[in-house]
Amino acid sequence: MIEKYQYTRNLTLQIVEPLEIEDFGIQTMVDVSPPKWHLAHTTWFFEEFVLMDHKPGYSYNLEGARKLFNSYYETLNKPFPRSKRGLISRPTVREVLDYRSAVDEEIIGLFNKGDELDEKLYSLILLGIHHEQQHQELLMTDIKYNFSINPLRPSYKESLHDASRNSTVSTLKWDHFNGGITSIGTNNQDFSFDNEQPAHKHFLYPFAIANRPATNGEYLEFIEDNGYTNAVNWLSDGWETVLREKWSTPLYWENIDGIWYEFTLSGLKPLEKNQPVSHISFYEADAFARWSGYRLPTEQEWEHAFQDIPVEGKLLENLLFNEKYESDKTTFGTVWEWTSSPYTRYPQSARSEGALGEYNAKFMSNQMVLRGGSSATPRNHIRATYRNFFQPDKRWQFSGLRLAKEER
């Protein structure tokens, strides 16, 4: 546990290492949080839910931490407005980093007392680790969006672009499933979020699912076939969003003198047609699937199809450290895959008591489920039962799609 804790906390610092001091406070839209806020919030989480309850006499190391860095736990106090996180100039970046170090020392002190951690404390620290891993992914996506607003198209890290890129893509094939009753979710006590529990039975009709995500090149065909201007492709809410937001491409695509480019963490680069399409909303994923003559899988179909597949693919460590990965391992990583399933509770699921009951359950409205992880997801964070969720119009995450179809 102590190794996992230290690895996770250090990985967060490695993510922000390429940043300049001016980059730490930027918030370019309401969905994005400044890197400094992520560093402080993940630290506050350990302080609030571990140290305050399990170390007698402990008081906040950073004055006002709960006022500034509580994300959405209304049962604790009124959170500072999400849209104004970029206005928090103090504490400084240096003070936030010192805050992290001080809380790390306190948490490690709990391990070094020589006693076994009680079950509740162990579970809370483990939750804090996985919570920080979620923010590691948000750090990567938020940094990318913040940089994209700058007309100079700055690079977060130049070496990220070409690592593990491939010039070919496998032929689209279908994996077929007979359907029937399957088990969805998990009772895993090592770790799983509350929204993955409990394991339960679900009936599936026969279906087939694609062997890989849809690519930039395939999505470009959709664009060139007037995909964004033909209402027949779109759900009603999606069509209204396209018209209102004036969408005509995925987020970060640009056509310059007839050549397609994509803004990446390494700056503006020529579009890689054989890479999975990314930064599209649920509406765009659904429209592309309908234009293709297919559909998006349900989250239960996705989990059933890949529940026994090892977690391999392009994940955060591959992206950050230029680690190679097998290009035909396309189930996990690279892009989150939109499903057609709304984000709702599983049968007989139980909500946690206290503030932690707000962690996932209160967001089960007007959001859609994504599966599989992305190139910004830590390797030991993702699994087949993992349920990510966002509103259907969100595009700043590494979100793509995989096609599915009926089997009659």
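Keep in mind that this is a model prediction, so the values were computed, not measured. (Residues numbered from 1 in each chain as written. Predicted model: local features only at pLDDT ≥ 70, side-chain atom pairs only at ≥ 80, totals over all residues. Heavy atoms only, no water.)

A.B. asks: How would you sum up the sheet that holds strand S4 (residues 207-210)? Please name residues and give values.
C.D. replies: With antiparallel pairing, three strands are arranged side by side in an open sheet as S1-S4-S12. Where the open sheet ends on each side, the last strands, each with one partner, are strand S1 (174-177) and strand S12 (404-406). Each strand axis lies, on average, 20 degrees off the axis of its neighbour in the sheet, ignoring direction. The sheet contact formed by S1 and S4 spans four bridges and is antiparallel. Bridge assignment links Phe177 to a residue of S4, and that residue is Phe207. The strands touched by helix H9 (residues 299-306) within the sheet are S1 and S4, with S4 carrying the most contacts at an inclination of about 75 degrees. (Pairing = 2+ DSSP bridges. Helix = DSSP H or I, 4+ residues; strand = E, 2+ residues; numbered from the N terminus. Axes fitted to C-alpha atoms, helices over the stretch in contact; angles between N-to-C directions. Contact = heavy atoms within 4.5 Å.)

A.B. asks: Describe the environment of His200, with residues and values.
C.D. replies: Secondary-structure assignment places His200 in strand S3 (residues 200-204). When neighbours within four sequence positions are excluded, His200 is seen to be in contact with Thr182, Ser183, Ile184, Tyr346 and Pro347.

A.B. asks: Tell me what's going on with helix H8 (residues 282-292), and back it up with residues and numbers.
C.D. replies: Three- or four-residue spacings in an α-helix give side chains the same orientation, since the helix completes a turn every 3.6 residues. The buried fraction of H8 is high, at eight of 11 residues. Three or more residues of H8 are buried, namely Phe282, Tyr283, Glu284, Ala285, Asp286, Ala287, Phe288 and Ala289. Buried positions along H8 lie against helix H6 (216-224), helix H7 (236-245), strand S8 (336-342), strand S9 (368-371) and strand S11 (399-400). One side-chain oxygen at the N-terminal end of H8 lies 3.3 Å from the backbone nitrogen of Tyr283; it belongs to Ser281. Phi turns positive one or two residues past the end of H8, at Gly293, with a value near 90 degrees. (Buried < 20%, exposed > 50% of the residue type's maximum accessible area, 1.4 Å probe, protein only. Polar contact = N/O pair within 3.5 Å; in protein donor to acceptor, adjacent residues only side chain to side chain.)

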